[in-house]
Amino acid sequence: MIRMTAVDKHFGDLHVLRDINLEVASGEVVVVLGPSGSGKSTLCRAINRLEPIDSGTIEVDGAELPAEGKALAKLRSDVGMVFQQFNLFAHKTIAENVMLGPIKVRGKSKSEAHDTAMQLLERVGIANQADKYPAQLSGGQQQRAAIARALAMAPKVMLFDEPTSALDPEMINEVLEAMVTLAKEGMTMLVVTHEMGFARGAAHRVVFMSDGEIVEDATPDTFFSNPTSDRAKDFLGKILAH
Amino acid sequence: MLDYFAPVTDNFGLFVDAFLGTLMICLYGAVGSLVLGTLIASFRVSPLPPLRAVGTAWVTVFRNCPLVIVLFFFAFGLPEIGINAPFLWFGITGLVVYTSAFVCEAVRSGINSVSAGQAEAARSIGLTFTQSLSTVVLPQALRTVVPPLGSVIIAMFKNSAIVGAFGVGGELFSTFATLVSARGLSIIPVLLGVAVGYLLITVPAGFGLDVLERRVAVSR
């Protein structure tokens, strides 16, 4: 579903992605782990070209990423994205947030879009918040609304860029549960996260990044019990020590 | 006392007409410069370099030229290339073009105040640049730019006097000139009458803007 080949990117002097080769098969859930600044968010954002790359190729569902323009907008409509900061449209209600894409991009009627939106909000457990504005919701509710907004486009693949990192601890679970449900339903997912529990429980593969490189690519069991590289051992030592 | 204001009371009908003339210039000017200025602002933030260049050039030229010079170009330059219209429309067009440069910069500051994440989210659900600007970014940007835009528009209302000084008749400033220089009425009472005419437009506009600002303010 996603294929990255020899992808390189610099931010000025900083080499943020070094020769990235990564495939995510249809229906697969891949978790990307790594220390801050290892390039995992950039990798995630590169897949729908929120970050343009310097060289290499990225394919989604067999088609190479187009340059700016209508073709890119079309591709993005098939790739759901969930952000660390939710990024719900602040001037629209939760229902309107979920309806905007189907109406503007898919050309759905307002009533059809509303029905789908309510079903999706029901699914993530916040149908009763549909008429509120984002600022009136808790972080966990906002993130679940953001997931519903992405799902409303019926995407082929979902990208999660640290979806729980801006949440209070008691709200993390409600978002993770929504993601686990989605994974069980067979959605293709690439998840950048620090949630080791999710990586162990829901991922088919764990990709470990450090300094812009993919250092390990293994099943969760293998990665957590037998990491091969020193960098991964060091990382796991730090986060699992307590 | 009433005698002192005789130049105004005797010509009251003329003042009312002049007031309506100025009001009309102001309304056309406000609508035109808001629309054009917002369009130029969208050029300036466009992903297409040629559009950005046009926007930047527009602002650089029209923000930095005195209004009188811009008006001269419209009033005398356009007829020279074969475009003829009543003087009033050259005046309004000049005013709109000049003011649009300031509107553009106010709107652009509003666009920059909307967090980048909003536009990223809009693009990631498949909206094109134009759609994300018009449905997500601009509606939020316009909320923060009501106060600076209000100042720009009120300044434009007052600049309409310069259009009048250009010989467009039927508005407040040219009426003042006519009454004083052609008919020899005393300056101060006529000037006070004209000033009241402008204040009747600008002060309610200011109140209207305060109301608008409160109404569009949203928590985020």
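About the thresholds
- Residues numbered from 1 in each chain as written.
- Chains lettered and ligands numbered in written order.
- Predicted model: local features only at pLDDT ≥ 70, side-chain atom pairs only at ≥ 80, totals over all residues.
- Heavy atoms only, no water.
- Salt bridge = Lys/Arg side-chain N within 4 Å of Asp/Glu carboxyl O.
- Helix = DSSP H or I, 4+ residues; strand = E, 2+ residues; numbered from the N terminus.
- Buried < 20%, exposed > 50% of the residue type's maximum accessible area, 1.4 Å probe, protein only.
- Pairing = 2+ DSSP bridges.
- Axes fitted to C-alpha atoms, helices over the stretch in contact; angles between N-to-C directions.
- Parallel < 35°, antiparallel > 145°, perpendicular 65-115°, else oblique.
- Left-handed = near helix turned anticlockwise from the far one by under 90°.
- Contact = heavy atoms within 4.5 Å.
- Nonpolar A, V, L, I, M, F, W, Y, C, P; charged D, E, K, R; others polar.
- Buried area = accessible area lost by both parts, 1.4 Å probe.
- Polar contact = N/O pair within 3.5 Å; in protein donor to acceptor, adjacent residues only side chain to side chain.
- Phe/Tyr/Trp six-rings, centres within 6.5 Å; stacked < 30°, edge-to-face > 60°.
- Lys NZ or Arg CZ within 6 Å of the ring centre and 35° of its normal.
- Domains from an automatic or database assignment.

### Focus on the pattern of salt bridges
Opposite charge on two side chains makes pairing possible when the charged atoms of those side chains draw close.
Residue and element names in this part refer to chain A.
Inference 1: On inspection of all chains with the given rule, the structure shows 19 salt bridges over all chains.
Inference 2: Of the charged contacts, one joins R106 and D78 as a salt bridge, the two residues approaching to 3.1 Å between their closest N and O atoms. With R106 in the loop between α3 (94-104) and α4 (110-123) and D78 in the loop between α2 (70-77) and β6 (79-82), this pair connects stretches of sequence that are 28 residues apart.
Inference 3: Take D78: its relative accessible area is 12%, and that puts it in the buried class.
Inference 4: For R231, the salt bridge goes to D211, with nearest N and O atoms at 3.2 Å. Of this pair, R231 sits in helix α9 (residues 230-240) while D211 sits in the loop between β9 (205-210) and β10 (213-218), and the two are 20 residues apart along the sequence.

### Remarks on the sheet that holds β6(A)
Residues and elements named next belong to chain A.
Inference 1: If you trace the six strands from one edge of the open sheet to the other, you get β6-β7-β8-β3-β9-β10, paired in mixed fashion. Looking at strand neighbours, the two that pair on one side only are β6 and β10, the edges of this open sheet. Taking each pair of neighbouring strands and ignoring which way they run, the sheet shows an average axis angle of 15°.
Inference 2: Taken together, the five bridges between strand β7 (residues 157-161) and strand β8 (residues 188-192) define a ladder with parallel strand orientation. If you follow L159 over to β8, its bridge partner there is L190.

### A closer look at the packing of α3(A) against helix α5 (residues 139-151) of chain A
All names here are of chain A.
Inference 1: Axis separation between α3 and α5 bottoms out at 8 Å; the angle between their running directions is 25°. Taken together, the axis directions place α3 and α5 in an arrangement best described as roughly parallel. Note on packing geometry: the crossing formed by α3 with α5 is right-handed. Contact residues: α3 offers I94, N97 and V98, while α5 offers A145, A148 and R149.
Inference 2: Among the residues forming the contact of α3 with α5, the class breakdown is four nonpolar, one polar and one charged.

### Remarks on unusual backbone geometry
All names here are of chain A.
Inference 1: Phi is positive for R49, close to 65°, though the residue is something other than glycine.
Inference 2: As for its position among the elements, R49 is in the loop between α1 (40-47) and β4 (55-60).
Inference 3: The phi dihedral of E162 falls on the positive side, at around 45°, and the residue is not glycine.
Inference 4: With respect to the helices, strands and loops of the structure, E162 is situated in the loop between β7 and α6 (169-184).
Inference 5: For E162, a relative accessible area of 11% corresponds to the buried category.

### Some points on the interface of chain A and chain B
Inference 1: Contacts between chain A and chain B engage 22 residues on the former and 19 residues on the latter.
Inference 2: Summed over both partners, the interface of chain A with chain B buries about 1,900 Å², with 63% contributed by carbon and sulfur atoms.
Inference 3: Put simply, chain A and chain B have one salt bridge between them.
Inference 4: One salt bridge connects A:R45 with B:E120, and the closest N-O pair in it is separated by 2.7 Å.
Inference 5: The interface formed by chain A and chain B contains seven residue pairs in polar contact (both at pLDDT 80 or more).
Inference 6: When residues of the side of chain A that touches chain B are traced back to their parent elements, those giving at least two are α2, β6 and α3 of chain A.
Inference 7: Grouping the constituent residues of the side of chain A that touches chain B by class yields 12 nonpolar, five polar and five charged.

### A closer look at the packing of aromatic side chains
Inference 1: One pass over the full model with this rule turns up 10 aromatic pairs over all chains.
Inference 2: Considering the side-chain rings of B:Y4 and B:F5, the 5.3 Å spacing of their centres and the 80° angle between planes classify their relative orientation as edge-to-face.
Inference 3: Assessed through its relative accessible area of 40%, B:Y4 is described here as partly exposed.
Inference 4: Owing to a relative accessible area of 24%, B:F5 belongs among the partly exposed residues under this scheme.
Inference 5: The ring centre of A:F89 lies 4.5 Å from the NZ or CZ of A:R149, which sits over that ring.
Inference 6: The cationic tip of A:R200 hangs over the ring face of A:F224; the distance from NZ or CZ to the ring centre is 4.5 Å.

### Digging into the environment of B:Y28
All names here are of chain B.
Inference 1: Tracing the chain through its elements places Y28 in helix α2 (residues 12-44).
Inference 2: Judged by relative accessible area, Y28 falls into the partly exposed class, the value being 43%.
Inference 3: Taking the C-alpha atoms as reference points, Y28 and G170, separated by 142 residues in sequence, lie 15 Å from one another.
Inference 4: When near neighbours in sequence (up to four residues on either side) are disregarded, Y28 contacts W89, I92 and V96.

### Observations concerning the domain arrangement of chain A
Residue and element names in this part refer to chain A.
Inference 1: Here chain A is described as being made up of domain 1 (2-78 + 157-240) and domain 2 (89-154).
Inference 2: Between domain 1 and domain 2, the C-alpha centre-to-centre distance is 25 Å.
Inference 3: With 14 residues of domain 1 at the interface, the matching set in domain 2 holds 14 residues.
Inference 4: Note on domain 1 versus domain 2: buried area summed over both sides is about 1,000 Å², and carbon and sulfur give 67% of it.
Inference 5: Summed over the three residues of domain 1 that lose the most area to domain 2, namely S77, M158 and E174, the buried surface amounts to 38% of that side.

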